[in-house]
Amino acid sequence: MTIDLVVMGLGHVGLPLARAAVSAGLTTAGYDVSGAVVSGLAEGRSHVGGVLDAEVAAMLDAGFRATADPAVLDGAQTVVICVPTGLTPQGLPDLSAVEDAARVVAARLRPGTLVVLESTSYPGTTEDVVRPLLERGSGLRAGEDFHLAYSPQRIDPGNPVWDVHNTPKIVSGCTALCAKYAVAFYGRFVDRLVLARGTREAEMAKLLENTYRYVNIALVDEVALFCHRTGIDVWDVLHCAATKPFGFAPFVPGPGVGGHCIPVDPRYLAARAESQGFPFRILAAADEVLTRMPRHVVERTLSLLREARKGPEGARALLLGVTYKADVADVRETPARPVAEGLLAAGVEVTYHDPYAAHFTVGGRPVPRATDLQAALDEADVAVLLQDHACYARETLGNAPCAVFDTRGKGTGARVTHL
Ligand SMILES: NC(=O)c1ccc[n+]([C@@H]2O[C@H](COP(=O)([O-])OP(=O)(O)OC[C@H]3O[C@@H](n4cnc5c(N)ncnc54)[C@H](O)[C@@H]3O)[C@@H](O)[C@H]2O)c1
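Since the model is a prediction, treat every value here as computed from it, not as a measurement. (Residues numbered from 1 in each chain as written. Predicted model: local features only at pLDDT ≥ 70, side-chain atom pairs only at ≥ 80, totals over all residues. Heavy atoms only, no water.)

## Brief notes about the domain arrangement of the protein chain
Right, so step 1: As assigned here, the protein chain comprises domain 1 (3-197) and domain 2 (235-418).
Right, so step 2: Each side of the interface is counted separately: domain 1 has 19 residues, and domain 2 has 12 residues.
Right, so step 3: Roughly 1,200 Å² is buried in total at the junction of domain 1 and domain 2, and carbon and sulfur atoms are behind 58% of that figure.
Right, so step 4: For the domain 1 face of the interface with domain 2, the top three residues by lost area are L87, Y122 and P157, together amounting to 32%.
Right, so step 5: At the surface where domain 1 touches domain 2, the tally comes to 2 salt bridges. (Domains from an automatic or database assignment. Contact = heavy atoms within 4.5 Å. Buried area = accessible area lost by both parts, 1.4 Å probe. Salt bridge = Lys/Arg side-chain N within 4 Å of Asp/Glu carboxyl O.)

## Quick notes on the pairing of strand β9 (residues 169-173)
Right, so step 1: Among the 5 residues of β9, 5 are classified as buried, and the element is accordingly described as predominantly covered.
Right, so step 2: In β9, alternate side chains face the same way, and those of K169, V171 and G173 on one face and I170 and S172 on the other are all buried.
Right, so step 3: Where strand β8 (residues 147-150) and β9 come together, 2 bridges link them in antiparallel fashion. Looking across to β9, one finds that Y150 is bridged to S172.
Right, so step 4: Of the pairings in the sheet, the one linking β9 to strand β10 (residues 193-195) comprises 3 bridges and is parallel in character. By the bridge assignment for β10, I170 is matched with V194.
Right, so step 5: Taken together, β9, helix α6 (residues 176-186) and β10 form a β-α-β motif whose crossover is right-handed. (Buried < 20%, exposed > 50% of the residue type's maximum accessible area, 1.4 Å probe, protein only. Helix = DSSP H or I, 4+ residues; strand = E, 2+ residues; numbered from the N terminus. Pairing = 2+ DSSP bridges. Right-handed = clockwise from strand over helix to strand, strands pointing away.)

## Structural notes on helix α7 (residues 199-230)
Right, so step 1: Taking 1.5 Å per residue, 32 residues should reach 46 Å; α7 reaches 46 Å between its end C-alpha atoms and fits that length.
Right, so step 2: A positive phi of about 75° marks G231, the residue just after α7. (Expected span 1.5 Å × (residues − 1).)

## Digging into the nonpolar core
Nonpolar side chains tend to gather and get buried jointly when the protein is soluble and globular.
Right, so step 1: In this structure, L134, L319, L343 and F360 are the most contacted members of the largest nonpolar core, which totals 85 residues.
Right, so step 2: Listed in part, the 30 residues of the second largest apolar core include L5, V37, V171 and F185. (Core = buried A, V, L, I, M, F, W, Y, C linked by side-chain atoms within 4.5 Å.)

## A short note on the side chain of R19
Right, so step 1: Tracing the sequence through the fold places R19 in helix α1 (residues 14-23).
Right, so step 2: The contact partners of R19, leaving out residues within four places of it in the chain, are G50, V51, E55 and M59.

## A word on the packing of aromatic side chains
Right, so step 1: Taken as a whole and judged by the stated rule, the model has 7 aromatic pairs.
Right, so step 2: Centroid distance F278 to F280: 5.4 Å. Interplanar angle 65°. Geometry classified as edge-to-face.
Right, so step 3: Ring geometry for Y352 and F360: centres 5.5 Å apart, planes at 70°, overall edge-to-face. This pair shows no difference in class: Y352 is buried, exactly as F360 is. (Phe/Tyr/Trp six-rings, centres within 6.5 Å; stacked < 30°, edge-to-face > 60°.)

## Quick notes on the pattern of salt bridges
Right, so step 1: Evaluation of the coordinates by the stated rule reveals 17 salt bridges.
Right, so step 2: The partner of R131 in a salt bridge is E135, and the shortest N-O contact between them spans 3.1 Å. Highlighted residues: R131 and E135, both in helix α5 (residues 125-138), separated by 4 residues, approximately one helical turn.
Right, so step 3: On the basis of relative accessible area, R131 is assigned to the buried category, the value being 15%.
Right, so step 4: Residue classification places E135 among the buried positions, given a relative accessible area of 15%.
Right, so step 5: Note that D388 is salt-bridged to K410, the shortest N-O span being 2.7 Å. With D388 in the loop between β15 (382-385) and α13 (394-398) and K410 in the loop between β16 (403-406) and β17 (416-418), the pair connects residues that are 22 residues apart, well separated along the chain.
Right, so step 6: Relative accessible area serves as the criterion here: at 14%, K410 is assigned to the buried category.
Right, so step 7: One salt-bridge network, held together by shared partners, links E127, R131, E135 and R141.

## Here's the deal with the UniProt feature "domain: UDP-glucose/GDP-mannose dehydrogenase C-terminal" (unreviewed entry) in the protein chain
Right, so step 1: UniProt's feature table lists "domain: UDP-glucose/GDP-mannose dehydrogenase C-terminal" (unreviewed entry) at residues 318-413, given in the numbering used throughout.
Right, so step 2: The span residues 318-413 is 23% helical and 21% strand by assignment, and the distance between its end C-alpha atoms comes to 18 Å. (UniProt positions renumbered as here; feature names shortened; annotations may be inferred.)

Structure, rendered in structure tokens:
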């Protein structure tokens, strides 16, 4: 039996991709090594913010199935690899999931199959890492017996406007024919495709997009640090600069960067460049500034407590919003963690409020959660707005009975201090 698509890795990228393919009428299955992910999906439960349980149920009704059995790859016309590309404990690219997935595909690869890598990685991954694994494991040749492509995923979690089908998608292949097959595949459910010259260009384009955010966030963070030192209102500076109708893209400062992409992808670029004898200096500078931001937030919070003649030993700090992104349920690499660590190390009692995070741990220990925002503000000595969730109204922050350290420039009022 043939199947149009098998998605490998049913996470934040793979599940929305599978949803888009199913909606377009492609027969689709998903393969994931996590038993919890597979059984949850089989029971109609989504573990990915932005994909509703009802949508998983509709996918199942349309024939989608999730499995941990590689036999699902038999008969697949297209396989898309969407597995994680994190970092090793030493902060270097960890391609082990991509390599594992490629080995599993290789063992069942048939002539004519299109294999696409969507995971973010450094230039050369498709050609130098995935291709040899597929060829060795299958005895087939890319570009001759099967087609191999790279197409980075641009999904923006929580974005109500841009999704898989209307975000332009970069597509590339190891050969012109591979690219042609990839274009034909994505053309079935993506409105606009952009053909890259080759896989390295497509891989580099993805890293450039995320590095652009990384460097520009570091820039506004450093501007914020400078403005604080010199008594300039950085939020007014940003407001003024953002009115320029050309040549300026606004970014906002904050407690640091988080998530699976922005803090991680530039490490892929830096490590690859280092291994090729190219010192990527702007990445090192941005890394230094961004690493400093959570410490800065801790120092400013402790100084507010000192002004209020509290603690730090035994003072109560309430963290507002611990996810890495506003109105998104994802705490991976969140800067809230080093902020909480710094406050706890100073002896402060830390609680958090976040409608999107049922659990938040620091060093493996759970941080107590407050669910009633007003009651939590009443009990706190200082509240630290880390994430600009829509539930944190300007007036709530302005009327809070405690000191408020606002890292997002949102609140106004006598007790509100901005980053
Ligand atoms: N999350 C985003 O917003 C986003 C956006 C663009 C690109 N990306 C990139 O897409 C890739 C996937 O990211 P994600 O956020 O979806 O990760 P995720 O952690 O949400 O999901 C990955 C899934 O892959 C599964 N998995 C791990 N190893 C596997 C293997 N060997 N075989 C099959 N399944 C395996 C995991 O169990 C998990 O369910 C990464 O390279 C990431 O950088 C992510």
